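Commentary on secondary and tertiary structure
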Amino acid sequence: MDVKETVLSILSDLTGNDVSGAMDDNLFDSGLLDSMGSVQLLLQLQGQLGINVPVSEFERSEWDTPNKIIAKVESLA
């Protein structure tokens, strides 16, 4: 599974929604992600992709759309 598929799978599990058709939609503004969801997202990314992002370095504006999440993960991989 590639990064995009993995991120979309994690987001689908966390939000209960298929976000693949809304890649530039803000997940926080839409209510699909909140602070607890962010922590769960980071834990899932760490577990499945080995991406380690300390919560203290998590900048919400850099992680608020599926496309931004994918780009951020790819830059850290």
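None of these values were measured; they are calculated from a predicted model.

Turning next to the UniProt feature "modified residue: O-(pantetheine 4'-phosphoryl)serine" (unreviewed entry) in the chain. In this structure's numbering, the residues bearing the UniProt feature "modified residue: O-(pantetheine 4'-phosphoryl)serine" (unreviewed entry) are Ser35. We classify Ser35 as exposed; its relative accessible area is 58%.

At their nearest, the axes of helix 1 (residues 3-15) and helix 2 (residues 35-49) sit 10 Å apart, and the two run at 140° to each other. Classified by the angle between their axes, helix 1 and helix 2 sit oblique to one another. Once helix 1 is placed against helix 2, the crossing between them reads as right-handed. In this structure, helix 1 uses Thr6, Val7, Ile10, Leu11 and Leu14 to contact helix 2, whose residues at the interface are Gly37, Gln40, Leu41, Gln44, Leu45, Gln48 and Leu49. The class makeup of the residues in the contact of helix 1 with helix 2 is seven nonpolar, five polar and no charged.

Rules and cut-offs
- Residues numbered from 1 in each chain as written.
- Predicted model: local features only at pLDDT ≥ 70, side-chain atom pairs only at ≥ 80, totals over all residues.
- Heavy atoms only, no water.
- UniProt positions renumbered as here; feature names shortened; annotations may be inferred.
- Buried < 20%, exposed > 50% of the residue type's maximum accessible area, 1.4 Å probe, protein only.
- Axes fitted to C-alpha atoms, helices over the stretch in contact; angles between N-to-C directions.
- Helix = DSSP H or I, 4+ residues; strand = E, 2+ residues; numbered from the N terminus.
- Parallel < 35°, antiparallel > 145°, perpendicular 65-115°, else oblique.
- Left-handed = near helix turned anticlockwise from the far one by under 90°.
- Contact = heavy atoms within 4.5 Å.
- Nonpolar A, V, L, I, M, F, W, Y, C, P; charged D, E, K, R; others polar.

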